[in-house]
Amino acid sequence: MHQTILSKHLKNNKRSLLSVLLLVATTSLFCGCNSKGEAPMNDIQYEINAAPIGPVKDFDINDHISTANSLLDAVTDSYGKMNALVSENTSEEAKKAVENVEKLYAERIEELKQADFSTWSAEDLSDLSTELSYIITAIREARDLLGS
């Protein structure tokens, strides 16, 4: 009987001892400490120059004008499709989204259709491209609610 108690006690001690050893080993691994208790000082410095991917081109005013015209054409086309779909849809949420787009952007779209972009600066055309991207996103969200 004493042998069984003794063997159980040794098994429990082996497990406890093994647990303690594992804890000490993993702690020293994760903290990066060496056996003397000092943390190693490793500074790694690396510099790399970014290389452009693809062709490198400076945009001139004609490129900006072309981009603005293309985006305006896309906005006008998508706006027309949105308005055509609104009569087919009975969803109140979709109708409200279309009304919101019309309230916010209808006048601006008509104004831009009449604009002569050749008199605009490159910075103004760049800002216009950003604005047209926001407009087409709003139209696309309304069209998604319409189911197209």
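That block above? That's the structure.
Since the model is a prediction, treat every value here as computed from it, not as a measurement.

### Thoughts on the environment of Thr90
As for its position among the elements, Thr90 is in the loop between helix H2 (61-86) and helix H3 (92-113). We classify Thr90 as exposed; its relative accessible area is 66%. Considered as a pair, Thr90 and Leu146 are 56 residues apart in the sequence and their alpha carbons are 8.7 Å apart.

### What to know about helix H4 (residues 122-146)
Along its 25 residues, H4 runs 36 Å from first to last C-alpha, staying within 8% of the 36 Å computed at 1.5 Å per residue. For H4, every residue scored as buried is listed here: Leu125, Leu128, Ser129, Leu132, Ile135, Ala138, Ile139, Ala142, Arg143 and Leu146. Lining the buried residues of H4 we find H2 and H3. Backbone geometry just downstream of H4 places Gly147 in the positive-phi region, at approximately 95°.

### Points about the nonpolar core
Ranked by internal contacts, the top residues of the largest apolar core, which has 22 residues, are Met82, Val101, Phe117, Leu128, Leu132 and Ile139. Excluding residues within four positions of it along the chain, Phe117 makes contact with Ile65, Ala68, Asn69, Leu72, Leu112, Leu125 and Leu128.

### Re H3
In this model, H3 (22 residues) spans 30 Å end to end at C-alpha, consistent with the 32 Å of a helix rising 1.5 Å per residue. The largest bend in H3 comes to about 50°, at Tyr105. Where H3 is buried, its residues contact H2 and H4. Where H3 begins, the side chain of Ser91 points an oxygen toward the backbone nitrogen of Glu93, at a separation of 3.4 Å.

### Some details on the packing of aromatic side chains
Under the criterion given, the structure shown has one aromatic pair. The interplanar angle of 80° and the centroid separation of 5.1 Å between the aromatic rings of Phe117 and Trp120 together place this pair among those described as edge-to-face. On the accessibility criterion, Trp120 (24% relative accessible area) is partly exposed.

### Overview of the packing of H3 against H4
Packing of H3 against H4 brings their axes to within 9 Å, and their N-to-C directions diverge by 150°. Judged by the inter-axis angle, H3 sits roughly antiparallel to H4. Of the two elements, H3 crosses H4, and the hand of that crossing is left-handed. Contacts between H3 and H4 involve Glu93, Ala94, Ala97, Val98, Val101, Tyr105, Arg108, Ile109 and Leu112 on the former and, on the latter, Leu128, Glu131, Leu132, Ile135, Ala138, Ile139, Ala142, Leu145 and Leu146. Classifying every residue of the contact of H3 with H4 by side-chain character gives 15 nonpolar, no polar and three charged.

Procedures and definitions
Residues numbered from 1 in each chain as written. Predicted model: local features only at pLDDT ≥ 70, side-chain atom pairs only at ≥ 80, totals over all residues. Heavy atoms only, no water. Helix = DSSP H or I, 4+ residues; strand = E, 2+ residues; numbered from the N terminus. Buried < 20%, exposed > 50% of the residue type's maximum accessible area, 1.4 Å probe, protein only. Expected span 1.5 Å × (residues − 1). Contact = heavy atoms within 4.5 Å. Core = buried A, V, L, I, M, F, W, Y, C linked by side-chain atoms within 4.5 Å. Bend = angle between axes of the 7 residues up to and from the residue. Polar contact = N/O pair within 3.5 Å; in protein donor to acceptor, adjacent residues only side chain to side chain. Phe/Tyr/Trp six-rings, centres within 6.5 Å; stacked < 30°, edge-to-face > 60°. Axes fitted to C-alpha atoms, helices over the stretch in contact; angles between N-to-C directions. Parallel < 35°, antiparallel > 145°, perpendicular 65-115°, else oblique. Left-handed = near helix turned anticlockwise from the far one by under 90°. Nonpolar A, V, L, I, M, F, W, Y, C, P; charged D, E, K, R; others polar.

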